[in-house]
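So the chains spell out like this:
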Amino acid sequence: ISKMPKGERDASLQEAKLLAALHHPNIVACVESFTERGRLCIVQDYCAGGDLYHRLKAQRGVLLPERRVIEWFTQILLGLKHVHDRKVLHRDLKTQNVFVTARDGLTLGDFGVSKVLAGTHQLASTAVGTPYYLSPEICENKPYDHKSDVWSAGCVLYEMCALTHPFDGASLKLLICKILRGAYKPLDAAKYGRELRDTVKEMLSKDPGKRPTFAEMERMFEGMVDEREGAEGAEGAEGAEGSGGGG
């Protein structure tokens, strides 16, 4: 760590400090951190399933069931809410920073570029993150807050449904132009319900003020789970009646 550029060294120390303070089932746990012969060592929980990016690639174009998308994204949402409740912006939320546990659960990791805010209404101004997931306000070098993470989470949710990025381009300039336009290919309406598609649309609103809060997203996903369970229960009842009638 002594030979690292100051920016990288500070980022590594920041991640170690943040991880040690975050305790949540949907955040990669930090067991301990220490320096050894000039190296910073961070001991974290082992995520046997790799990352979400490679998990989605392994689908080979076969879309995930809506139930799985809702279940997984709810876990991402809970982890991100825990982070934001502690006045921390993740700032680099992407499928490569979401990890899969041995029990097929999801946890957030890689807090190397996270920003600790002094208050819930403070804005950050440093342009960081991975290009595919950058919010419009970061692309325009405007101050941003936790709603920028909501945009990135919307990109992750879209990717879970479509197995591709909502915004892509042959160059960074073209990619930013597409992000600023906010136009993306609609999700498969035959595979995913209107409520899920509308949630993606709201999260990817160009106006940060129109993106949902965590409380609103929690209600949305709770509603989707209840609706899904109700529909499956009705189908089960119909099947039971049909088999009973046949006897």
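Residues numbered from 1 in each chain as written. Predicted model: local features only at pLDDT ≥ 70, side-chain atom pairs only at ≥ 80, totals over all residues. Heavy atoms only, no water.

Student: Can you walk me through the overall build of the protein chain in this structure?
Tutor: Counting its secondary structure elements, the protein chain contains 8 helices and 6 strands. In sequence order, the secondary structure elements of the protein chain are arranged as α-β-β-α-α-β-β-β-β-α-α-α-α-α. By residue count, 40% of the 247 residues in the protein chain fall in the buried class. Across the protein chain, every contact between residues at least 6 apart in sequence was considered, and the portion connecting residues at least 24 apart equals 66%. (Helix = DSSP H or I, 4+ residues; strand = E, 2+ residues; numbered from the N terminus. Buried < 20%, exposed > 50% of the residue type's maximum accessible area, 1.4 Å probe, protein only. Contact = heavy atoms within 4.5 Å.)

Student: What's the story with the pattern of salt bridges in this structure? I'm lost.
Tutor: Side chains that differ in charge, positive against negative, can pair when their charged atoms come close. Enumeration over the complete set of coordinates arrives at 6 salt bridges. Of the charged contacts, one joins arginine 55 and aspartate 104 as a salt bridge, the two residues approaching to 2.8 Å between their closest N and O atoms. Pair noted here: arginine 55 is in helix H2 (residues 52-57) and aspartate 104 is in the loop between strand E4 (98-100) and strand E5 (106-108), with a separation of 49 residues, a long-range link. Relative accessible area serves as the criterion here: at 23%, aspartate 104 is assigned to the partly exposed category. The network of salt bridges with shared partners includes Arg55, Arg68 and Asp104. (Salt bridge = Lys/Arg side-chain N within 4 Å of Asp/Glu carboxyl O.)

Student: In this structure, what is going on with the nonpolar core? I would like to understand it.
Tutor: Within soluble globular proteins, side chains that are nonpolar tend to cluster in buried spots. The biggest cluster of nonpolar side chains holds 44 residues, and the ones touching the most others in it are Leu52, Phe73, Ile76, Leu157, Met160 and Phe221. When residues of this core are assigned to their parent elements, the largest contribution, 9 residues, is made by helix H5 (residues 146-162). Setting aside residues up to four positions removed in sequence, leucine 52 forms contacts with Trp72, Ile76, Thr95, Val98, Val100, Leu106, Val156 and Met160. (Core = buried A, V, L, I, M, F, W, Y, C linked by side-chain atoms within 4.5 Å.)

Student: Even after reading the chapter, I still don't get the confidence of the model for the protein chain, so can you show me in this structure?
Tutor: Low pLDDT means the predicted atomic positions in that stretch should not be read closely. With 77% of its residues at a pLDDT of 70 or more, the protein chain has an overall mean of 81. Confidence drops under pLDDT 50 across residues 112-129; counting only partners more than four residues distant or on other chains, this segment forms 50 contacts. (pLDDT = per-residue confidence, 0-100.)

Student: Please clarify how the packing of aromatic side chains should be interpreted in this entry.
Tutor: Note on aromatic pairs: each is described by the distance of the centres and the angle between the planes. One pass over the structure, following the stated rule, counts 4 aromatic pairs. Ring geometry for tyrosine 158 against tyrosine 184: centres 5.3 Å apart, planes inclined by 75 degrees, an arrangement best described as edge-to-face. One end of the pair, tyrosine 158, is in helix H5; the other, tyrosine 184, is in the loop between helix H6 (172-181) and helix H7 (194-203), and 26 residues separate them in sequence. For tyrosine 184, a relative accessible area of 24% puts it in the partly exposed group. Their ring planes at 90 degrees and their centres at 6.0 Å tell us that phenylalanine 167 and tyrosine 184 sit as a pair that is edge-to-face. (Phe/Tyr/Trp six-rings, centres within 6.5 Å; stacked < 30°, edge-to-face > 60°.)

Student: Explanation requested: the environment of lysine 81 in the structure shown.
Tutor: With respect to the helices and strands, lysine 81 occurs in helix H3 (residues 66-85). Considered as a pair, lysine 81 and histidine 146 are 65 residues apart in the sequence and their alpha carbons are 9.8 Å apart. Setting aside residues no more than four positions away along its own chain, lysine 81 makes contact with Phe214 and Glu218.

Student: Please explain the packing of H5 against H7 as it appears in this structure.
Tutor: A packed helix pair is summarised by two numbers, namely the angle formed by the two axes and the spacing between the axes. At their nearest, the axes of H5 and H7 sit 8 Å apart, and the two run at 145 degrees to each other. For the pair H5 and H7, the crossing hand works out as left-handed. Residues Val150, Trp151, Ala153, Gly154, Leu157, Tyr158 and Cys161 of H5 lie in contact with H7, whose contacting residues are Leu196, Thr199, Val200 and Met203. Here the contact of H5 with H7 is composed, by residue class, of 9 nonpolar, 2 polar and no charged. (Axes fitted to C-alpha atoms, helices over the stretch in contact; angles between N-to-C directions. Left-handed = near helix turned anticlockwise from the far one by under 90°. Nonpolar A, V, L, I, M, F, W, Y, C, P; charged D, E, K, R; others polar.)

Student: Quick question: what am I supposed to make of the state of the cysteines here?
Tutor: Cysteine pairs can be covalently joined through their sulfur atoms, and such a bond is termed a disulfide. The full count for this structure, using the stated rule, is 0 disulfides. Cysteine cysteine 155 remains unbridged, with the sulfur of cysteine 139 as its closest cysteine sulfur at 9.7 Å. Residue cysteine 155 is classed as buried on the basis of its relative accessible area of 0%. Cysteine cysteine 177 shares no disulfide, and the gap to the nearest cysteine sulfur, in cysteine 139, comes to 9.4 Å. Looking at cysteine 177, the relative accessible area reads 35%, which means it is partly exposed. (Disulfide = S-S within 2.5 Å.)

Student: Looking at this structure, how should I read H5?
Tutor: For an α-helix, the turn length of 3.6 residues means that residues three or four places apart are oriented alike. Here H5 is 17 residues long and its end C-alpha atoms lie 25 Å apart, about the 24 Å a rise of 1.5 Å per residue gives. Extensive coverage of H5 is indicated by the burial of 15 of its 17 residues. The opening residue of H5 is aspartate 145, an N-cap whose side-chain oxygen sits 3.0 Å from the backbone nitrogen of lysine 147. Of the residues trailing H5, leucine 163 is marked for its positive phi of about 60 degrees. (Expected span 1.5 Å × (residues − 1). Polar contact = N/O pair within 3.5 Å; in protein donor to acceptor, adjacent residues only side chain to side chain.)

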